[in-house]
Amino acid sequence: MSLISGGQLRHRVTVFTASTGVDSLGERPTTLTRGPTIWAEVRAIGATETTYGDGAAMRTQYQVRTRWRSGVNAGVAATSVLDYRGDRLQVLGYVREREEEDVMLIDAVRVA
């Protein structure tokens, strides 16, 4: 079993878990709970621009590559948010890259 080289994991990423509840007004606010901070390799893999009636939004897609750890992948879900250099990245999904290697790939997107 081989791991990612430690030199490739040069970015610190914090995992936040999103949860919703119902407040006294009946609204469903989203609360982010801070999870573990991990070392990862973060790459921007594409960007698209969407035009709306009164403006435009840039959507940048990222691939986050880190070590597969049971404590971390248990906390990463489609409702998770990653904090990377002050930017909030919404997790789209994650997968174990190869069974023989303990590598976790996370697809995430930042909308600005």
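Everything that follows concerns the structure shown earlier in this document.
Residues numbered from 1 in each chain as written. Predicted model: local features only at pLDDT ≥ 70, side-chain atom pairs only at ≥ 80, totals over all residues. Heavy atoms only, no water.

## Digging into the nonpolar core
So, point 1. Residues V13, V42, L82 and I106 are the most contacted members of the largest nonpolar core, which totals 15 residues.
So, point 2. Where this core is concerned, the elements lending two or more residues are strand 1 (11-20), strand 2 (30-52), strand 3 (55-67), strand 4 (80-84), strand 5 (87-98) and strand 6 (101-111).
So, point 3. Not counting chain neighbours up to four residues away, the residues in contact with V13 comprise P36, T37, I38, A40, V42, L82, D83 and Y84. (Core = buried A, V, L, I, M, F, W, Y, C linked by side-chain atoms within 4.5 Å. Buried < 20%, exposed > 50% of the residue type's maximum accessible area, 1.4 Å probe, protein only. Helix = DSSP H or I, 4+ residues; strand = E, 2+ residues; numbered from the N terminus. Contact = heavy atoms within 4.5 Å.)

## Some remarks on the packing of aromatic side chains
So, point 1. Tallying each qualifying case throughout the model produces two aromatic pairs.
So, point 2. Geometrically, the ring pair formed by Y62 and Y84 is edge-to-face, given 6.2 Å between the ring centres and 65° between the ring planes. With Y62 in strand 3 and Y84 in strand 4, this pair connects stretches of sequence that are 22 residues apart. This pair shows no difference in class: Y62 is buried, exactly as Y84 is.
So, point 3. For the ring pair W68 and Y94, a centre distance of 6.3 Å and an interplane angle of 45° mean the geometry is tilted. Of this pair, W68 sits in the loop between strand 3 and helix 1 (70-73) while Y94 sits in strand 5; the two residues are 26 residues apart in sequence, bridging distant segments of the chain.
So, point 4. Owing to a relative accessible area of 34%, Y94 belongs among the partly exposed residues under this scheme.
So, point 5. The ring of F16 has R88 lying over it, and the distance from NZ or CZ to the ring centre is 4.7 Å. (Phe/Tyr/Trp six-rings, centres within 6.5 Å; stacked < 30°, edge-to-face > 60°. Lys NZ or Arg CZ within 6 Å of the ring centre and 35° of its normal.)

## A word on the environment of R69
So, point 1. Within the secondary structure, R69 sits in the loop between strand 3 and helix 1.
So, point 2. A residue is classified by how much of its surface remains accessible, and R69, at 41% relative accessible area, is partly exposed.
So, point 3. Here the alpha-carbon distance between R69 and V103, two residues 34 residues apart in the chain, equals 8.7 Å.

## Some words on the environment of S5
So, point 1. Relative to the helices and strands, S5 is located in the segment before strand 1.
So, point 2. Overall, S5 belongs to the partly exposed group, its relative accessible area being 42%.
So, point 3. In the structure, S5 is positioned 62 residues away from R67 in sequence and 9.6 Å away in space, judged by C-alpha atoms.

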